[in-house]
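# Overview (structure and organization)
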Amino acid sequence: MSGAIGLATVGMTKIFGDFTALEDVSIDVRAGDFHALLGENGAGKSTLVKCMMGFQPPTRGQVLLDGKPVSIADPRAARDLGIGMVYQHFTLVPSFTAAENLVAARGHVPAVVDWAKERKSLDAFLETTPFRVPLDRPVRELAAGEKQKLEILKLLYLDQRFLILDEPTSVLTPGEADEILGLLRGMTDAGLVSVLMITHKFREVNAFARNLSVLRRGRLVGAGAVGKVTTAEMTQMMVGDAVPRPRAARVAHAPVADAKRALEVVALYASDDAGTPRVRELDLHVEPGEILGIAGVSGNGQSEFIEALTGQRPIDDGRVFVAGQAFSPTRGDFARFKVFGLPEEPLRNAAVPRMSVAENMALRSFDRAPIAGVFGWLKPATMRARARDLVARYRVKTTSIDAAIETLSGGNVQRAILARELSEAVDLLIVVNPCFGLDFSSAAEIRNQILEARNKGTAVLLVSEDLDEILELADRVAVMSQGHIAMTAPIGETDRNAIGRAMAGH
């Protein structure tokens, strides 16, 4: 394996029509550096790395490789220069083995592969890396951590010595994330590779990165050595003068005698679209005024469980009780038991994209007073007045309540749907990955709203693949692994390592 290479951008600028996505950005990732790239959504991180990788030509500026100007016309040119990228979502062929994925990555594969020769070559290659994966198993059978290792191995196999990682730990357990980032940090310390990591997790920046750069609104607003820049300073660089609403304090709830559980799920079974069982004998409960956080690596049945609980997927077996009574996921029971929710990808799952903000905010209550008048006729003036109030209270940024909701940013779609779901009395709130893909300010705002609902006595079932989010919000954590609850504990009586072991099935 060759040694690490350094990469710098000088005055990198990218303009799309009247919009400047990137303006005069100069960053320097030296050979052997582990460099973190931070910034909110829309800050220009993706545009910057696309210019580095040759996906987009810069309007102005240049890339220097080991101090020398280079032209990167396309991703193949980047690969030939030793620059590779691990994307947020896996790019492996699921039906291929790990060995087949590595060989196929070369691009030029003979019609007849001499596998005895290839295996000997691959085994020799693996001896030069700290990563290990089973070469003969199909990728679909590998754990998420093994898949991520294979993605990195693929780049090392192609002799890529400058690695760009886009949110590399988003689908990993804490243990897997620490193992992979630790191995990469060791490789940078040894001078074998350089790493530029796009991330939003300050813990990983402080634990593994050596230097950092921060973008905001397309400009470089800060840089420095990790350890000399505090988390508070990183946050200030990212959000600038934006002032987030003060965080709600957690309110203690006194036990209520004979109180009914807000939600109780008993021996629930559900299958995926192919009929394969994905939820198996699942038991859990949520008390009023409590946030139960369900942690787990993606693909362990969380999606099927929530879809079954909310009526998007049939329940194969088991019972669901809300406030001590049998619950069926119908519009009538949702209204009767005051069950509301913020699903994953709300623009796809909880909104009608081309309808207006006001109309989407009325979807829960359009058939009831005061929005519904005599004979059920809709009262547009009342609907729009209610929407204006919700937009103001929940700080939804929109050009108009009459604008199509699909024109809003991701964070403002989240705010608009959460405003709708919390606009009435709520006894049970079901939220799934509420801050996935959101910038720092939007995520803080959404989490604040969830905590405030909990403080008012609402029971919250929070399903999240972000363990930091669960540790921040939840009163209890339940770990879902292979379709069932593997452990449950109060947040104060467990830790990240114990949760991570349960997430990994140990």
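As a convention, each chain's residues are numbered from 1 in the sequence order in which they are written. This being a predicted model, a pLDDT of at least 70 is required before a residue's local features are given, and a value of 80 or more before pairs of side-chain atoms are given or counted; all residues contribute to the totals for chains, interfaces and linings. Excluding hydrogens and water, the side-chain figures rest on all heavy atoms present in the structure.

### Some words on the sheet that holds strand β1 (residues 7-16)
With antiparallel pairing, 4 strands are arranged side by side in an open sheet as β2-β1-β4-β5. Looking at which strands have only one partner, the edges of the open sheet turn out to be β2 (19-29) and β5 (68-70). With direction set aside, neighbouring strand axes in the sheet form an average angle of 30°. Pairing of strand β4 (residues 60-65) with β5, which is carried by 3 bridges, proceeds in the antiparallel orientation. Residue Leu64 lies in a different strand from β5, and its bridge partner there is Pro69. Two strands qualify as a pair provided DSSP detects at least 2 bridges between them. Think of it this way: any DSSP run of H or I at least four residues long counts as a helix, any run of E at least two long counts as a strand, and we number them from the N terminus. Simply put, an axis is a line fit to the C-alpha atoms, just over the touching stretch for a helix, and the angle between two N-to-C directions goes from 0 to 180 degrees.

### Examining the domain arrangement of the protein
Start and end positions for the domains come from either an automated domain assignment or a database one. Parsing the protein into structural domains produces domain 1 (7-239) and domain 2 (263-338 + 425-503). Whether two residues are in contact is decided by their heavy atoms: any pair within 4.5 Å suffices. Between domain 1 and domain 2, the contact holds 16 residues from the first and 14 residues from the second. Once two parts are put together, the accessible area they lose, assessed with a 1.4 Å probe and summed over both, is termed the buried area. When the two sides are added together, the surface that domain 1 and domain 2 hide from each other amounts to roughly 1,200 Å², 61% of it contributed by carbon and sulfur. Definition used for salt bridges: Asp or Glu carboxyl oxygen within 4 Å of a side-chain nitrogen of Lys or Arg. There are 0 salt bridges connecting domain 1 and domain 2. Of the residues forming the side of domain 1 that touches domain 2, the biggest block, 3 residues, is contributed by helix α8 (residues 231-239). The residue classification treats Ala, Val, Leu, Ile, Met, Phe, Trp, Tyr, Cys and Pro as nonpolar and Asp, Glu, Lys and Arg as charged. All others, Gly included, are polar. Residues that form the side of domain 1 that touches domain 2 fall into these classes: 7 nonpolar, 6 polar and 3 charged.

### Structural notes on the pairing of strand β3 (residues 34-38)
Each residue's exposure class comes from its accessible area (1.4 Å probe, protein chains only) as a fraction of the maximum for that residue type: buried when under 20%, exposed when over 50%, partly exposed otherwise. Among the 5 residues of β3, 5 are classified as buried, and the element is accordingly described as predominantly covered. Burial along β3 is two-sided: Phe34, Ala36 and Leu38 and His35 and Leu37, pointing in opposite directions, are all buried. As paired strands, β3 and strand β8 (residues 194-198) are joined by 4 bridges and run parallel to one another. Bridge pairing in β8 links Leu37 to Ile198. Across 4 bridges, β3 lies against strand β9 (residues 211-216) in parallel orientation.

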